[in-house]
Amino acid sequence: MGKRRSDILRGRLAVLKILLTLFGLLIITNLFRIQILNHDYYMELAEKQYNENQRIPASRGSILDRNGYSMATNTIHYDIAVDAELLENKEEIAQICARVFDEPVSKYRKMFRDKDDRHQYLARRIPEEKVRPLIERSNNPGLIKKAHFRRHYPYKTYAAQLIGYTDPDDKGIGGLEMQYDGLLRGRDGKAVILRDGPQRRYFNADSALIDPVPGYNLILTIDKTIQTVVEEELRQGIDNSKAKSGMAIIMDPHKGEILAMANYPTFDPNSHKYYRNAKKRNRTITDVFEPGSTQKLFTAAMLLQENLKRPNDIVFCEQGRYKIYVR
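Only a predicted model underlies this, so the values are computations on that prediction, with no experimental measurement involved.

Draft legend 1. Empty space enclosed by the protein, seen in detail. Considering all chains together, one arrives at one cavity of 30 Å³ or more under this definition. Here the largest cavity defines a volume of roughly 30 Å³. Lining the largest cavity are Met71, Tyr153, Tyr155, Lys156, Tyr158, Ala159, Ala160, Ile163 and Pro269.

Draft legend 2. Looking closely at the nonpolar core. Cys97, Phe101, Tyr108, Phe112, Leu122, Val131 and Leu134 are the most contacted members of the largest nonpolar core, which has 21 residues in total. Listed by contribution, the elements that provide at least two residues to this core are β3 (70-83), α3 (90-101), α4 (105-113), β4 (119-127) and α5 (132-135). Here the element with the most residues in this core is α3; it accounts for seven residues. Here Phe112 is in contact with Val82, Ala84, Leu87, Lys90, Ile93, Ala94, Cys97 and Leu122, once residues within four sequence places are set aside. Core analysis: the second largest hydrophobic core is formed by 16 residues, Tyr153, Ala159, Ile163 and Tyr165 among them.

Draft legend 3. Examining the layout of surface pockets more closely. Of the pockets and cavities examined, the second largest pocket occupies roughly 460 Å³. Lining the second largest pocket are 18 residues, and of these Arg150, Thr166, Pro168, Asn270 and His272 sit closest to its centre. Mapped onto the lining of the second largest pocket, the elements with two or more residues apiece are β3 and β5 (143-152). If one sorts the elements of the lining of the second largest pocket by residue count, β5 sits on top with four residues. Broken down by class, the residue content of the lining of the second largest pocket amounts to five nonpolar, seven polar and six charged.

Draft legend 4. Just the pattern of salt bridges, in detail. Across all of its chains, the model carries 13 salt bridges by this definition. We note a salt bridge from Asp188 to Arg55, for which the minimum N-O separation is 2.6 Å. Taken as a pair, Asp188 in the loop between α8 (181-185) and β8 (189-195) and Arg55 in strand β1 (residues 51-56) lie far apart in primary sequence, 133 residues in all. Its relative accessible area of 35% is what places Asp188 among the partly exposed residues. Among the ionic contacts, a cluster of salt bridges with common partners joins Arg60, Arg151, Glu177, Asp181 and Arg185.

Draft legend 5. Broad picture of the packing of α3 against α4. At a minimum axis separation of 8 Å, α3 and α4 run at an interaxial angle of 135°. On the basis of the axis angle, α3 is oblique to α4. As α3 packs across α4, the resulting crossing turns out to be right-handed. On α4, the residues touching Lys90, Glu91, Ile93, Ala94, Gln95, Cys97, Ala98 and Phe101 of α3 are Val105, Tyr108, Arg109 and Phe112.

Draft legend 6. Focus on the packing of aromatic side chains. The final tally for this structure, using the stated rule, is four aromatic pairs. Ring geometry for Tyr165 versus Phe267: centroids 5.8 Å apart, planes at 90°, classification edge-to-face. With Tyr165 in strand β6 (residues 165-166) and Phe267 in the loop between β12 (258-264) and α10 (277-280), this pair connects stretches of sequence that are 102 residues apart. For Tyr165, a relative accessible area of 10% corresponds to the buried category.

Draft legend 7. Representation of the environment of Arg124 in the model. By the secondary structure assignment, Arg124 is in strand β4. When near neighbours in sequence (up to four residues on either side) are disregarded, Arg124 contacts Tyr78 and Asp79.

Draft legend 8. Layout of the pairing of β3. Taken across its 14 residues, β3 has 10 buried, putting it largely inside the fold. Two strands pair when backbone bridges link them, and strand β2 (residues 63-64) and β3 are joined in this way by two bridges, in the antiparallel orientation. The partner of Leu64 across the bridge, within β3, is Ser70. The turn joining β2 and β3, which pair antiparallel and follow one another in sequence, is formed by five residues; a positive phi near 90° is taken by Gly68. The pairing of β3 with β5 spans 10 bridges and is classified as antiparallel. By the bridge assignment for β5, Ile76 is matched with Phe149.

Draft legend 9. Region of the structure containing a nonpolar patch on the surface. A cluster of nonpolar residues, Val15, Ile18, Leu19, Leu22, Leu25 and Ile28, forms a patch on the protein surface that exposes about 580 Å² of accessible area. With respect to the helices, strands and loops of the structure, Leu25 is situated in helix α1 (residues 2-37). Here Leu25 falls in the partly exposed class, since its relative accessible area comes to 46%.

How each quantity is defined
Residues numbered from 1 in each chain as written. Predicted model: local features only at pLDDT ≥ 70, side-chain atom pairs only at ≥ 80, totals over all residues. Heavy atoms only, no water. 1 Å grid on protein atoms, 1.4 Å probe; cavity = no way out; pocket = protein on both sides within 12 Å on 5 of 7 lines; lining within 4 Å. Points joined across faces, edges and corners; volume = space filled by probe spheres on them. Core = buried A, V, L, I, M, F, W, Y, C linked by side-chain atoms within 4.5 Å. Buried < 20%, exposed > 50% of the residue type's maximum accessible area, 1.4 Å probe, protein only. Helix = DSSP H or I, 4+ residues; strand = E, 2+ residues; numbered from the N terminus. Contact = heavy atoms within 4.5 Å. Nonpolar A, V, L, I, M, F, W, Y, C, P; charged D, E, K, R; others polar. Salt bridge = Lys/Arg side-chain N within 4 Å of Asp/Glu carboxyl O. Axes fitted to C-alpha atoms, helices over the stretch in contact; angles between N-to-C directions. Parallel < 35°, antiparallel > 145°, perpendicular 65-115°, else oblique. Left-handed = near helix turned anticlockwise from the far one by under 90°. Phe/Tyr/Trp six-rings, centres within 6.5 Å; stacked < 30°, edge-to-face > 60°. Pairing = 2+ DSSP bridges. Patch = residues over 30% accessible without salt bridge, like charges linked within 9 Å, V, L, I, M, F, W, Y side chains within 5 Å. Areas by Shrake-Rupley, 256 points an atom, 1.4 Å probe, with all protein chains shown as cover.

In structure tokens:
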């Protein structure tokens, strides 16, 4: 009886050894599959969990007139978000948000208590001066602030069709902004950010930081003062004559440089989405029209300048005989 019991125990032990051996082989096989065969896949998956590529936007180049006045420049706007789980001093932040965004403080108190949606945006593309009270709380781990450059045109409607405008991603889609977009845009940089379990973010010192390369500045032959005078005179002339539209170009007669280029009606490129495309077109260079007899002035001036004709000479044209008259 004792021998039979001993044989049963030895049999069970042998089965257990076989099962443990098979289990160990399965583990080793699976480790081989994960670490050797699928190494690259799991490394990429792990990096996506704790690494985050942060784009560092490049500053778009400015557009300047011939005297260095900025016709197109950049301002800093912010996206502001909160991580309710990491947010400190919630009541203080709620009071600041209510004051900055002119909303009830109860709205933010409820937002900061929401455990189902811990990451929430407070505002997007807001000027720096408006959200400065929140930006100054930079040591609060639950406040997430992301800076963006936004195109700004300080002289608004002046030379609007010539300078053009950009889309929300700062890509030129009209005028000189579009024609020289490749030079103005620059090249974005990149930083690698590490994320831990609570989603806190740290700069990864082991990864190379790629600095952004700002775009080139564009210096025009336009003179801001002359452009201002031309814009005002063109508008007044159209209003007085009750015309629908008008164009004007001022050139340096010796060098051929464009000193002013104006269209009316015009638009404000800071809020171009509210205007029809017809107002955004630079008609001085896009529209085709026949100047007619105005070109005879240039022909006569050339003949006199080169001494090919005298003031009293008769010039034959296809439609008749004309006398050059100098006052």
